[in-house]
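Topology and contacts: notes
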Amino acid sequence: MDVKSTKASPILTGSQPINKSRLGIHSSHLPYSQSSPTYSNNILAVSRKKPGTFDDVQSNVWLEAMRSSSPPRKKILKDFTDEEVASDDGDIIYRAWTIKYPSALNSFQQIMNRAKNRKLVVFLDYDGTLSPIVDNPDRAFMSADMRSAVKRVAKYFPTAIISGRSRDKVYELVGLKELYYAGSHGMDIIFPPEDMASGNRSNCTKSTDRQGKEVNLFQPASEFLPMINEVFRTLVEVTKNIKGAKVENHKFCVSVHYRNVDENSWPIVAQFVYDILKDYSRLRITHGRKVLEIRPVIDWDKGKAVEFLLESLGFSCNQDVLPIYIGDDTTDEDAFKVLQLGNRGYGILVSAVPKETNAFFSLRDPSEVKI
Ligand SMILES: O=P(O)(O)OC[C@H]1O[C@H](O[C@H]2O[C@H](CO)[C@@H](O)[C@H](O)[C@H]2O)[C@H](O)[C@@H](O)[C@@H]1O
């Protein structure tokens with residue numbers, strides 16, 4: 001679903017402060033400020049450094065966040081309970097957690113009761129929600145059964161995929177024309193103009209898709225494209241000798257994967273990313289599942305994308321609509337928060353381990369999402 005852009009229409013709020021507390025790190029510990037962008041030869045800057053030796057406290061904070069991203073089940077349970085747990089105990093702890101975040105499957109009737117006389121609008125994350133987490137991001141396929149399940153849902157309810165991946169990539173993986181797609185953590189949204197609510201004045205760009213069909217594009221970070229491409233190239237270059245490291249260009253953000261990097265080399269990955277980002281005050285980093293995600297400092301996230309789609313498609317009236325968002329990652333928390341506010345809808349966290357979340361319900365893994 002590639003589109004030929006006809007006009008750039010950035011709705012930038014780059015001067016807004018970002019939510020640094022999401023990382024659990026005080027703002028003074030983060031390597032970005034609110035000053036204007038700088039472009040520089042980062043490869044040279046980085047290669048002057050001795051890799052793997054952190055030169056200040058901030059980067060150690062990053063490393064700690066990397067270690068706690070997607071940790072083994074036993075470690076999460078230990079953090080949650082403050083003691084070592086056997087796997088049977090782990091199940092008991094998980095069941096206790098579902099008292100606070102009940103299983104969406106067991107709460108099906110409750111959800112249906114609330115959905116009575118309302119329009120259900122469904123939002124789905126991709127990785128870890130529709131597809132299982134696997135070592136190779138290029139092999140994160142959703143099953144044919146899952147695709148059929150999503151297709152069935154979309155037949156009855158407006159359904160959108162909101163992913164950290166590029167919109168083209170996630171479309172390629174999902175392959176269903178009948179859905180709405182938002183890539184780059186919601187910074188790249190596409191929908192047919194005929195679905196736009198009447199009277200809506202969303203600041204969209206008109207464009208055409210591969211089939212020549214007219215589409216509406218909303219890309220609030222379009223001015224960051226050259227910067228993102230530059231950072232992507234630099235990161236590919238500096239990480240090329242780190243075994244297992246993988247850098248993905250998601251158009252308006254970049255992912256640096258360290259899932260397959262030996263843990264002893266994680267400091268090197270962190271150091272390189274940290275050094276590069278020092279030169280880009282208008283980019284920030286968030287932590288995903290064994291991935292560092294570099295994104296523009298704009299006031300936009302998956303939660304904002306949910307609000308945007310609801311409004312653009314004419315579903316923002318609280319009384320008539322019940323939005324549901326299913327996701328597994330920290331970036332999905334922004335969407336859960338939007339639905340939690342004013343009890344607007346239901347966030348459903350996909351997690352096999354207890355976690356603090358803004359979601360209302362839980363599901364254990366993608367196989368439960370499919371049901
Ligand atoms: O918002 P999402 O659709 O959940 O995308 C978030 C990131 O997903 C992918 O990485 C994650 O899944 C990979 C495949 O299972 C896994 O190998 C990796 O460790 C996970 O972090 C994707 O590759 C990232 O670029 C997305 O940002």
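Residues numbered from 1 in each chain as written. Predicted model: local features only at pLDDT ≥ 70, side-chain atom pairs only at ≥ 80, totals over all residues. Heavy atoms only, no water.

As annotated in an unreviewed UniProt entry, the protein chain carries the name Trehalose 6-phosphate phosphatase and is attributed to Olea europaea subsp. europaea. Here is the UniProt Pathway (unreviewed entry) comment for the protein chain, exactly as written: "Glycan biosynthesis; trehalose biosynthesis." Note on the protein chain: under the UniProt heading Function (unreviewed entry), the record states "Removes the phosphate from trehalose 6-phosphate to produce free trehalose. Trehalose accumulation in plant may improve abiotic stress tolerance." (UniProt positions renumbered as here; feature names shortened; annotations may be inferred.)

We now examine the sheet that holds strand β9 (residues 254-257). Ordered by their spatial adjacency, 4 strands build an open sheet running β8-β9-β11-β10, and the pairing between neighbours is antiparallel. The open sheet terminates on both sides in strands that have one partner only, identified here as β8 (246-249) and β10 (283-288). The sheet shows a mean angle of 20 degrees between the axes of neighbouring strands, direction not considered. Sheet analysis places β10 next to strand β11 (residues 291-296), joined by 6 bridges and oriented antiparallel. Bridge assignment links L283 to a residue of β11, and that residue is P296. Packing of helix α8 (residues 225-239) onto the sheet brings it into contact with β8, β9, β10 and β11, and relative to β8 it is tilted by some 165 degrees. (Pairing = 2+ DSSP bridges. Helix = DSSP H or I, 4+ residues; strand = E, 2+ residues; numbered from the N terminus. Axes fitted to C-alpha atoms, helices over the stretch in contact; angles between N-to-C directions. Contact = heavy atoms within 4.5 Å.)

Let us now look at the site of the ligand. For the ligand, the set of nearby residues contains 21 residues, the closest of which are V134, H250, R259, R289 and E293. The side chain of S163 places a nitrogen or oxygen atom 2.7 Å from an oxygen atom of the ligand. Between the ligand and S255 there is a distance of 2.8 Å, counted from an oxygen atom to a side-chain nitrogen or oxygen. Here the ligand loses 99% of its free accessible area of 570 Å² to cover by the protein chains. One can see that the ligand is located within the largest cavity. At the level of secondary structure, the elements contributing two or more residues to the shell around the ligand comprise β9 and β11. (Near = heavy atom within 4 Å. Polar contact = N/O pair within 3.5 Å; in protein donor to acceptor, adjacent residues only side chain to side chain. Areas by Shrake-Rupley, 256 points an atom, 1.4 Å probe, with all protein chains shown as cover. 1 Å grid on protein atoms, 1.4 Å probe; cavity = no way out; pocket = protein on both sides within 12 Å on 5 of 7 lines; lining within 4 Å. Sits in = over half its atoms within 2 Å of the grid points.)

As a further point, take empty space enclosed by the protein. Using the criterion set out here, one finds 4 cavities of 30 Å³ or more in the structure. Size it by volume and the largest cavity reaches roughly 330 Å³. Taken together, 24 residues form the lining of the largest cavity, with D127, I133, R165, H257 and V291 sitting closest to its centre. Where the lining of the largest cavity is concerned, the elements lending two or more residues are β9 and β11. Here the lining of the largest cavity is built from residues that sort into 6 nonpolar, 7 polar and 11 charged. (Points joined across faces, edges and corners; volume = space filled by probe spheres on them. Nonpolar A, V, L, I, M, F, W, Y, C, P; charged D, E, K, R; others polar.)

Turning next to the environment of A160. Mapped onto the fold, A160 is located in strand β3 (residues 159-162). A residue is classified by how much of its surface remains accessible, and A160, at 3% relative accessible area, is buried. (Buried < 20%, exposed > 50% of the residue type's maximum accessible area, 1.4 Å probe, protein only.)

To continue, consider the confidence of the model for the protein chain. Mean pLDDT over the protein chain stands at 83; residues scoring 70 or higher make up 79%. The ipTM value of the predicted complex is 0.99, and its pTM value is 0.83. (pLDDT = per-residue confidence, 0-100.)

Looking now at unusual backbone geometry. Unusually for a residue other than glycine, H185 sits at a positive phi of about 55 degrees. Within the secondary structure layout, H185 lies in the loop between β4 (180-183) and β5 (188-191). In the Ramachandran plot, K290 falls in the positive-phi region, its phi being about 55 degrees despite a non-glycine side chain. The topology assignment puts K290 in the loop between β10 and β11.

Here we take up the side chain of R114. Position of R114 relative to the elements: it lies in helix α5 (residues 108-115). For the buried R114, no salt bridge is present, and the opposite-charge side chain at shortest range is D320, 12 Å distant. Aside from chain neighbours lying at most four places away, what touches R114 is L322, N343, R344, G345 and Y346. (Lys, Arg positive; Asp, Glu negative; His and termini not counted. Salt bridge = Lys/Arg side-chain N within 4 Å of Asp/Glu carboxyl O.)

The next thing to look at is the pairing of β4. Where burial is concerned, the two faces of β4 agree: the one with Y180 and A182 and the one with Y181 and G183 are both buried. Examined bridge by bridge, β3 and β4 share 3 bridges and lie parallel to one another. Counterpart to A160 in the pairing with β4 is Y180. Since β3 and β4 lie parallel, the crossover through helix α7 (residues 167-174) that links them has a hand, and here it is right-handed. (Right-handed = clockwise from strand over helix to strand, strands pointing away.)

Attention now goes to the pattern of salt bridges. All told, the structure shown has 17 salt bridges when counted by the stated rule. Linking R165 and D127 is a salt bridge whose minimum nitrogen-to-oxygen distance equals 2.6 Å. Here R165 is found in the loop between β3 and α7, whereas its partner D127 is found in the loop between β2 (119-124) and α6 (144-156), with 38 residues between them in sequence. On the basis of relative accessible area, D127 is assigned to the partly exposed category, the value being 21%. The partner of D188 in a salt bridge is R167, and the shortest N-O contact between them spans 3.1 Å. Highlighted residues: D188 in strand β5 and R167 in helix α7, separated in sequence by 21 residues.

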